[in-house]
Amino acid sequence: MYELIDAVEELRSAFRKESVGRLRDVSRRCADELGVGEEVDMLPLSITAYVLSKIIQKSRYWDKGTRTRLAKSVGGGLDRCAELLHGGKHEEFRMEIGRVMRDTIEVDDRKNRYVTGLLAKAKLKIAGRLYAQGFSLSRVSELTGADKREVMEYVGKTLMSDLVGKTKTVNERLEHVRRLF
Amino acid sequence: MSGDYSDSHSNSVVCDASSLISLAETCFLPVIHELSQGMRGHFLISDEVKRECIDRPLGMRSHSLTAVRLDAALRNGWIRLAGSADTEAEAGEFVAVANEIFRVGRKPLRILHRGEAEILALAKSLGVGNVLIDERTTRVLVESPAMLGQHFREEFGSRISVDSGRMREFGRMTAGMNIFRSSELLMVAYEKGFFRGFEDMEAKAAEAGLYSIKFAGCSISFEEIEEFCRGIR
């Protein structure tokens, strides 16, 4: 089981090291715990890790001002999250991680060129992962807050249904459907 | 507008939101109209599916066109509202049983949402054996829970355990249900001449339609599309 405190510590470390790979790994592990463990606090952690992994790859992150600002707000915020969890202050942790997530997303939104921002994309990515694992469409929409229609469009363009789900041949399925009409 | 559709024919089809969304997004709702001409029964939706497909997205800029199309289909009688006093209780049963079949360690894997459970419950309470659903998990859970179990083992490793009793119970609850997707509606529509207007591109149009419905989220594989299209080329 992936504990919240472990997730926060690994996220903090991955961000300090500016490691895209490790941030993605944290995002994935948090998403898995969201689905299996139904640990809802994993969602903002997963989103934050994913968004940071994207931001770090962008040239504007490496502007001195942006990098310093993020290090202070996000880095400092994650430090506080760890302290709060160690102190058993769960409610305060929730508020703090929510603030960290918003600060992270705001960095991207400052120069927002797209209708769908990184927050929506992060939720879709997490929802897609959970759907691939075998959670139902409505369930992943409920867990992540991602819109069901958008999850369908997203997963429709993957190979999920090609890897798992062929339970009958086309003709077996059609035999019955033909009789209906 | 909730209907107590007490005269539902056993050849009716209970529709999940996922299929209606796929059909509406790809402009294939007229397939429902065409096929309903020759069926004994109707395409049925629950109040919750109406809320999910029509009422809520009417206020969403990115999805309001789909909602408008589905609203028109409802007004024109292509799809009809249906309900039963037993659906809510039945849906609770479906959720309770389905979400106890698989465990990761000691934690039950809650894979099915009440939304999908209500579709199964509505079908059962109306005595309708046909369920139209594009999303993958519910379909595989009904048709081959062992396949789903195997998939979970690949995803979560040896921590997965299966409650065979619950699996059998779910099988009893869904016995006699025939699940199909919007892709099968398109295939049958092709066989009935829906794509004839494309003349020498008729088969190509059907093939393109199947791909578009897959990309809209219908859980059909490329292999299945190819299998069908080989027979029509």
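Residues numbered from 1 in each chain as written. Chains lettered and ligands numbered in written order. Predicted model: local features only at pLDDT ≥ 70, side-chain atom pairs only at ≥ 80, totals over all residues. Heavy atoms only, no water.

## Observations regarding the overall build of chain B
Counting its secondary structure elements, chain B contains 12 helices and eight strands. Relative to the compact-globule value of 17 Å for 233 residues, chain B shows a C-alpha radius of gyration of 18 Å, a close match. Going through the 233 residues of chain B one by one, you find that 56% of them count as buried. Restricting to contacts in chain B with at least 6 residues of sequence separation, those with at least 24 account for 76%. Working note: accessible area of chain B is about 9,700 Å², and carbon and sulfur atoms make up 48% of it. If you average the places of the 28 positive and of the 34 negative side-chain charges in chain B, the two averages end up 4 Å apart. (Helix = DSSP H or I, 4+ residues; strand = E, 2+ residues; numbered from the N terminus. Rg over C-alpha atoms; globule rule 2.2 N^0.38 Å. Buried < 20%, exposed > 50% of the residue type's maximum accessible area, 1.4 Å probe, protein only. Contact = heavy atoms within 4.5 Å. Areas by Shrake-Rupley, 256 points an atom, 1.4 Å probe, with all protein chains shown as cover. Lys, Arg positive; Asp, Glu negative; His and termini not counted. Charge placed at Lys NZ, Arg CZ, Asp CG, Glu CD.)

## Looking at helix 7 (residues 136-143) of chain B
Residue and element names in this part refer to chain B. Counted residue by residue, helix 7 has seven buried out of eight residues, so it is predominantly covered. Inspection of helix 7 places Arg136, Thr137, Thr138, Arg139, Val140, Leu141 and Val142 among the buried residues, and these make up the whole buried set. Two or three places before Thr137, at the opening of helix 7, Glu135 has a side-chain oxygen 3.3 Å from that residue's backbone nitrogen. (Polar contact = N/O pair within 3.5 Å; in protein donor to acceptor, adjacent residues only side chain to side chain.)

## Here we look at the sheet that holds strand 4 (residues 102-104) of chain B
Strand order in this open sheet of three strands is 5-4-7 (chain B), and the pairing throughout is antiparallel. Of all the strands in the sheet, the pair left with one neighbour each is strand 5 (107-108) and strand 7 (160-162) of chain B. (Pairing = 2+ DSSP bridges.)

## Concerning the packing of helix 11 (residues 202-215) of chain B against helix 12 (residues 222-230) of chain B
All names here are of chain B. For the pair helix 11 and helix 12, interaxial distance at closest approach is 10 Å and the crossing angle is 165 degrees. Taken together, the axis directions place helix 11 and helix 12 in an arrangement best described as roughly antiparallel. Remark: the crossing between helix 11 and helix 12 carries right-handed chirality. Residue-level inspection shows Glu207, Leu210, Tyr211, Lys214 and Phe215 of helix 11 in contact with helix 12, the latter providing Phe222, Ile225, Glu226, Phe228 and Cys229. When its residues are assigned to classes, the contact of helix 11 with helix 12 shows seven nonpolar, no polar and three charged. (Axes fitted to C-alpha atoms, helices over the stretch in contact; angles between N-to-C directions. Parallel < 35°, antiparallel > 145°, perpendicular 65-115°, else oblique. Left-handed = near helix turned anticlockwise from the far one by under 90°. Nonpolar A, V, L, I, M, F, W, Y, C, P; charged D, E, K, R; others polar.)

## Some details on the domain arrangement of chain B
Domain boundaries assigned for chain B yield domain 1 (13-83 + 180-230) and domain 2 (87-121 + 145-176). Computed over C-alpha atoms only, the centres of domain 1 of chain B and domain 2 of chain B are separated by 27 Å. (Domains from an automatic or database assignment.)

## Observations concerning empty space enclosed by the protein
Counted according to the given criterion, the structure contains five cavities of 30 Å³ or more. Considered as a void within the structure, the largest cavity measures approximately 60 Å³ in volume. Its residues assigned to classes, the lining of the largest cavity comprises four nonpolar, five polar and one charged. (1 Å grid on protein atoms, 1.4 Å probe; cavity = no way out; pocket = protein on both sides within 12 Å on 5 of 7 lines; lining within 4 Å. Points joined across faces, edges and corners; volume = space filled by probe spheres on them.)

## Some remarks on the confidence of the model for chain B
Low pLDDT means the predicted coordinates in that region are not meant to be read closely. A residue-level look at chain B finds 97% of positions with pLDDT of 70 or above and a mean pLDDT of 93. Interface scoring of the predicted complex returns ipTM 0.92; its pTM is 0.92. (pLDDT = per-residue confidence, 0-100.)

## As for the interface of chain A and chain B
In this complex, chain A contributes 41 residues to the contact, which on the side of chain B involves 64 residues. In this assembly, chain A packs against chain B so that about 4,800 Å² is buried in total across both faces, 56% of it on carbon and sulfur atoms. Where chain A meets chain B, there are 34 residue pairs in polar contact (both at pLDDT 80 or more). For the side of chain A that touches chain B, the secondary structure elements donating two or more residues are helix 6 (118-133), helix 7 (137-144), helix 8 (148-156), helix 9 (160-163) and helix 10 (170-180) of chain A. Ranked by residue count, the leading element in the side of chain A that touches chain B is helix 10 of chain A, at eight residues. (Buried area = accessible area lost by both parts, 1.4 Å probe.)

## Comments concerning the packing of helix 3 (residues 47-55) of chain B against helix 4 (residues 64-75) of chain B
Residue and element names in this part refer to chain B. Relative to each other, helix 3 and helix 4 sit at 135 degrees, their axes nearing to 8 Å. Looking at the two axes, helix 3 sits oblique to helix 4. Contact with helix 3, carried on its side by Lys50, Cys53 and Ile54, involves Ala67, Leu70, Asp71 and Leu74 of helix 4 and no other residues of that element. The residue makeup of the contact of helix 3 with helix 4, split by class, is five nonpolar, no polar and two charged.

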